[in-house]
Amino acid sequence: MMSRPGVQRALIAAVQVLSLAVWFSASAVVPALRESWQISAAASVWLTASVQLGFVAGAVTSTVLNLADRIRPHLLMAGCATLAAACTGVFALTVDGLAGAVPLRFLTGVFLAGVYPVGMKLTGSWAPPARRGLAFGVMIGALTLGSALPHLIGGLGDLPWRGVMGTAAGCALLGAVVAVTLVREGPQFAPGTPPRPYPRYALAMFAQRGPRLVNLGYFGHMWELYALWTWLPSFLIAGTAARTGRDGVNVSLLAFLAIGLAGVAGCLAGGWAADRFGRPRAAFTALVVSGACCLASPLFFTAPPGAVVLLGVVWGAAVIADSGVFSTALSEVADRRYVGTALTAQTAIGFALTVVTIQLVPVLADAVGWRWAFLLLAPGPFVGALAMRAFGRQPARA
């Protein structure tokens, strides 16, 4: 029964939900850390940016060594989830300032580069092309839910920040156990004989029009995604204060609704649409909707709570709906021997871009206010939409 494709895809998704809980574990408790450690908003950015930089470093290392294609992926995923859990656990137990926090968050990102891209390859290995869009949608939905999980832990349990991070570390450790005991690689990418080392494939794929356009679409998507996830709570807090003169909403639960629940729904819808209407059309539609939400965000800044929730739900669904579509498309146009390398290289460059926007959004907010800050993100999805429109005008494999 464990070797059935549906069961394996569900297990891989469960590992993602549990393991990715450590990604935003520090970001979810930034208000408490700022108060406890007496740090500025600019300094607190590094609690998220360091994870992104660590992920890039880990992904580049994995790409150069072709780790995702040369090591049994379920073992690589389990080992990296264990180490990410350990870093987060040490943070929860011992850290009392940024000097100790930033290196541990960086290492957490390094190890997560062995969880997320490897999970994409494993998912694709159990999904034939006709069903791969929805399969990737489920996997990215799991990533989204896991990333939002610390907001739910903090919002429902009223835990101190160490409790939130410790709980996230425990989730990741459980994910590692599931990966090593139950997850295996499927038949789609011909597992068995590891390919010869070919680190230059990470650059060689850009010489082909198909992978190049898919990656450009993904990079536009990433320009927006993580900056929105990181700074949405600050946008909500500032908008509430401007509207009522007080902070009277549970921002953690609102963030979980937009990022987690709406995000999962968007991933499933995007995956279904990719299989039903094609990869380019599904990605193009999601990018246009999320870009429109960027442009509309100033209008909702002091809107009634119901309207703000509506924006959060629509934006939270659209901003992630195309993520699995890009992974699906790249797995179909890249060299089958190096699918893991291609996906890891794609995420490495994409996450490097997130560091830029995560840093720039609060700078713009300080200059012109939070009402206008998310306008910075709009060029990304619109550039990505143009790339996917061009991708749709060529044969599926380039």
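As a reminder, the structure under discussion sits directly above these lines.
What counts as what
- Note that residues are indexed from 1 along each chain, following the sequence as it is written.
- Where totals are concerned, whole chains, interfaces and linings use all residues; where local detail is concerned, this predicted model gives features only for residues with pLDDT of at least 70, and gives and counts side-chain atom pairs only at 80 or more.
- Note that the side-chain values use all heavy atoms of the structure and ignore hydrogens as well as water.
- Helical segments are the DSSP runs of H or I of at least four residues, strand segments are the runs of E of at least two, and each set is numbered from the N terminus.
- Atoms counted for the radius of gyration: C-alpha only. Globule rule: 2.2 Å times the number of residues to the power 0.38.
- The contact criterion used is simple: two residues touch if any of their non-hydrogen atoms lie within 4.5 Å.
- Here, Shrake-Rupley sampling with a 1.4 Å probe gives the accessible areas, and only protein chains in the shown set may cover a residue.
- For the purpose of charge, His is not counted, nor are the chain termini; Lys and Arg are scored as positive and Asp and Glu as negative.
- Charge placement uses NZ in Lys and CZ in Arg. For Asp and Glu, CG and CD serve respectively.
- Every case where a carboxyl oxygen of Asp or Glu lies within 4 Å of a side-chain nitrogen of Lys or Arg is listed as a salt bridge.
- Grid points spaced at 1 Å and placed over the protein atoms alone form the basis of the search, with a cavity being a set where a 1.4 Å probe fits but cannot get out and a pocket an open set showing protein on both sides within 12 Å along at least five of seven lines. Lining residues have an atom within 4 Å of a point.
- Grid points are joined across faces, edges and corners, and a volume is the space filled by probe spheres set on the points.
- Throughout, the ten residues Ala, Val, Leu, Ile, Met, Phe, Trp, Tyr, Cys and Pro are labelled nonpolar, Asp, Glu, Lys and Arg are labelled charged, and all others, Gly among them, are labelled polar.
- All axes here are fitted lines through C-alpha atoms, helices being fitted over the stretch that makes contact, and every angle between N-to-C directions spans 0 to 180 degrees.
- Here roughly perpendicular refers to angles of 65 to 115 degrees, roughly parallel to angles under 35, roughly antiparallel to angles over 145, and oblique to all remaining angles.
- The handedness criterion is simple: a crossing whose near helix is rotated anticlockwise from the far helix by less than a right angle is left-handed, and one whose near helix is rotated clockwise is right-handed.
- For patch detection, residues must exceed 30% relative accessible area and be free of salt bridges, and they are connected within 9 Å for like charges or within 5 Å for nonpolar side chains (Val, Leu, Ile, Met, Phe, Trp, Tyr).
- Only protein chains enter the accessibility calculation, which uses a 1.4 Å probe; a residue whose area is less than 20% of its type maximum is buried, one above 50% is exposed, and one in between is partly exposed.
- In protein, a polar contact means a hydrogen-donor-capable atom and an acceptor-capable atom, both N or O and within 3.5 Å, with residues adjacent in sequence counting only if both atoms are side-chain atoms; elsewhere, any N or O pair within 3.5 Å suffices.
- Whether two aromatic rings pair depends on their centres lying within 6.5 Å, for rings of Phe, Tyr and Trp, where Trp uses its six-membered ring; planes under 30 degrees apart make the pair stacked, over 60 edge-to-face, and the rest tilted.
- When the NZ atom of lysine or the CZ atom of arginine is within 6 Å of a ring's centre and also within 35 degrees of its normal, the charge is said to sit over that ring.
- For a residue, the bend is simply the angle between two axes, fitted respectively to the seven-residue segment ending there and the seven-residue segment starting there.

### Digging into the overall build of the chain
- Helix and strand content of the chain: 19 helices and zero strands.
- Over its C-alpha atoms the chain spans a radius of gyration of 20 Å, differing by no more than 12% from the 21 Å that the globule rule assigns to 398 residues.
- Of all intrachain contacts in the chain linking residues separated by at least 6 positions in sequence, the fraction that spans at least 24 positions is 85%.
- When the accessible area of the chain is evaluated, it comes to approximately 14,900 Å², of which 69% is carbon and sulfur surface.
- Averaging the positions of the 26 positive and the 12 negative side-chain charges in the chain gives two centres separated by 12 Å.

### Things to note about the pattern of salt bridges
- Taken as a whole and assessed by the stated rule, the structure comprises four salt bridges.
- One salt-bridge network, in which partners are shared between bridges, spans Asp275, Arg279 and Glu332.

### Structural notes on the layout of surface pockets
- In this model, the largest pocket occupies a volume close to 820 Å³.
- Lining the largest pocket are 38 residues, with Ser27, Val30, Pro31, Pro233 and Ile237 sitting closest to its centre.
- The set of elements that each furnish at least two residues to the lining of the largest pocket consists of α2 (30-37), α3 (41-44), α9 (129-157), α10 (161-182), α12 (209-244), α13 (251-277) and α17 (339-368).
- Here the lining of the largest pocket takes six residues from α12, the largest share from any one element.
- For the lining of the largest pocket, the residue count by class is 24 nonpolar, 11 polar and three charged.

### Concerning the packing of helix α6 (residues 73-94) against helix α8 (residues 116-125)
- In the contact formed by α6 and α8, the axes pass within 9 Å of each other and the chain directions differ by 150°. Between α6 and α8, the angle falls in the class roughly antiparallel. Viewed along their axes, α6 and α8 form a crossing whose handedness is left-handed. From α6, Pro73, His74, Leu76 and Met77 reach across to α8, where they touch Val118, Gly119 and Leu122.

### Looking at a nonpolar patch on the surface
- A surface patch of nonpolar side chains, about 560 Å² in accessible area, is lined by Phe284, Val288, Leu295, Val368, Trp372, Leu375 and Phe382.
- Looking at the nonpolar patch element by element, the count peaks at three residues for helix α14 (residues 279-300).
- With respect to the secondary-structure elements, Phe382 resides in helix α19 (residues 379-391).
- With a relative accessible area of 32%, Phe382 lands in the partly exposed category.

### Some remarks on empty space enclosed by the protein
- Applying the stated criterion across every chain, the model contains one cavity of 30 Å³ or more.
- Approximately 120 Å³ is the volume attributed to the largest cavity.
- Around the largest cavity, the lining residues are Leu232, Phe235, Leu236, Leu254, Leu257, Ala258, Val308, Val309, Leu311, Gly312, Val313 and Trp315.
- Every element with two or more residues in the lining of the largest cavity is listed here: α12, α13 and α15 (305-321).
- No other element matches the six residues that α15 contributes to the lining of the largest cavity.
- Classifying every residue of the lining of the largest cavity by side-chain character gives 11 nonpolar, one polar and no charged.

### Digging into the side chain of Ser25
- Within the fold, Ser25 resides in the loop between α1 (5-19) and α2.
- Of the polar contacts made by the side chain of Ser25, one reaches the backbone oxygen of Val22; its length is 2.8 Å.
- A distance of 3.5 Å separates a polar atom in the side chain of Ser25 from a polar atom in the side chain of Arg105.
- Beyond its immediate sequence surroundings of up to four residues, Ser25 is in contact with Thr88, Arg105, Pro150, Val164, Met165 and Ala168.

### A few points about the packing of aromatic side chains
- Counted according to the given criterion, the structure contains 23 aromatic pairs.
- For the cation-ring pair, Arg371 lies above Trp372, with the distance from its terminal atom to the ring centre recorded as 6.0 Å.

### Here we look at the environment of Ala365
- Along the polypeptide, Ala365 turns up in helix α17.
- The exposure class of Ala365 is buried, given its relative accessible area of 7%.
- Expressed as a C-alpha distance, the spacing of Ala365 and Gln38, which sit 327 residues apart in the sequence, is 20 Å.
- Setting aside residues no more than four positions away along its own chain, Ala365 makes contact with Trp370 and Ala373.

### Observations regarding α8
- Judged by how many residues are buried, α8 sits mostly within the fold: 10 of 10 residues are covered.
- Those residues of α8 that sit buried are Tyr116, Pro117, Val118, Gly119, Met120, Lys121, Leu122, Thr123, Gly124 and Ser125.

### Some details on the environment of Trp161
- Considering the arrangement of structural elements, one finds Trp161 in helix α10.
- According to the relative accessible area criterion, Trp161 is buried, its value standing at 10%.
- Spatially, the C-alpha atoms of Trp161 and Ala26 are 8.2 Å apart, while their sequence positions differ by 135 residues.

### Things to note about α13
- Maximal helix bending in α13 amounts to about 35°, located at Gly263.
- Positive backbone phi, at 105°, marks Gly278, one or two positions downstream of α13.

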